Amino acid sequence: MITEFGSLIVGGNRAAWYANALDSLPQKYPLVKSVLYFHYSKDNTTTQQVLNWYIKDDHEVTSNIIREINKWKE
C-alpha cells in the first residue's frame, strides 16, 4: 500500500507528476495493491504556511489519474 500519495501545485507540473507516478505502477511494483491519496486543503503540519493538497477541483490532475488507472486494466 502507498499511503499519503500526493503532490502540491507549487514547484512544477502536478498533473505530469501524477501521470508519471502512476504510469505502469502495477507492472513496476506488483506487490502494491492500494494507493491512498492525501487530499487535504488545510495542512499546517509541516510549514508555517497552510498547504493545499486538494486534487478534486483540478481537472488536469484528475484526468491524468483516471487515464493512468484505466491503463492498469489493459
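The structure presented is a predicted model; accordingly, all values stated were derived computationally and were not measured.

*Asks:* Give me the overall build of the protein chain: which residues, what numbers.
*Replies:* Secondary structure summary: the protein chain contains 3 helices and 2 strands in total. The order of helices and strands in the protein chain, counted from the N terminus, is β-α-α-β-α. Counting only C-alpha atoms and orienting by the principal axes, one finds that the protein chain spans roughly 40 × 25 × 20 Å. A fraction of 52% describes how many contacts in the protein chain between residues 6 or more apart in sequence connect residues 24 or more apart.

*Asks:* Outline the pattern of salt bridges, supporting the account with residue identities and numerical values.
*Replies:* When charged atoms on two side chains of opposite charge get close, those side chains can pair. Enumeration over the complete set of coordinates arrives at 3 salt bridges. Among the salt bridges present, the one from Glu68 reaches Arg67, with a minimum N-O distance of 3.4 Å. On the accessibility criterion, Glu68 (3% relative accessible area) is buried. Across the pair Lys71 and Glu68 runs a salt bridge whose closest N-O atoms are separated by 3.2 Å. Of this pair, Lys71 and Glu68 both sit in helix α3 (residues 59-71), 3 residues apart, which is roughly one turn of that helix. Each of Arg67, Glu68 and Lys71 takes part in a single network of salt bridges with overlapping partners.

*Asks:* Please provide a residue-by-residue account of the nonpolar core, values included.
*Replies:* Membership of the largest hydrophobic core is limited to 8 residues, which are Phe5, Ala15, Tyr18, Leu22, Leu25, Ile55, Val61 and Ile65. Contributing elements (two or more residues each) for this core: α1 (14-22) and α3. Broken down by element, this core gets its largest block of residues, 3 residues, from α1. Here Leu25 is in contact with Ile2, Pro30, Val32 and Trp72, once residues within four sequence places are set aside.

*Asks:* Describe the environment of Asn52, naming the residues involved and giving the relevant values.
*Replies:* For Asn52, the position within the fold is in the loop between β2 (35-37) and α3. In this structure the C-alpha to C-alpha distance between Asn52 and Lys71, which are 19 residues apart in sequence, comes to 28 Å. Setting aside residues no more than four positions away along its own chain, Asn52 makes contact with Leu8, Tyr40 and Ser41. For Asn52, the side chain forms a polar contact with the main-chain nitrogen of Tyr54, separated by 2.8 Å.

Conventions used here
Within each chain, residues carry numbers counting from 1 in the order of the written sequence. pLDDT decides what is reported in this predicted model: residues at 70 or higher carry local features, side-chain atom pairs at 80 or more are listed and counted, and totals for whole chains, interfaces and linings draw on all residues regardless. Side-chain descriptors were evaluated using all non-hydrogen atoms of the structure, hydrogens and water having been removed beforehand. The numbering of helices and of strands both runs from the N terminus, where a helix is a DSSP run of H or I of at least 4 residues and a strand a run of E of at least 2. When checking whether two residues touch, look at their non-hydrogen atoms; a contact exists if any pair is within 4.5 Å. Salt bridge, as applied in this entry: a Lys or Arg side-chain nitrogen positioned within 4 Å of an Asp or Glu carboxyl oxygen. Only protein chains enter the accessibility calculation, which uses a 1.4 Å probe; a residue whose area is less than 20% of its type maximum is buried, one above 50% is exposed, and one in between is partly exposed. The definition of a nonpolar core used throughout is a set of buried Ala, Val, Leu, Ile, Met, Phe, Trp, Tyr and Cys residues joined through side-chain atoms within 4.5 Å. Pairs of N or O atoms are called polar contacts if they sit within 3.5 Å, as long as, within protein, a hydrogen donor faces a hydrogen acceptor (for residues adjacent in sequence, only side-chain-to-side-chain pairs).

It is worth stressing that arrangement in space is one thing and function is another; only the former is reported here.
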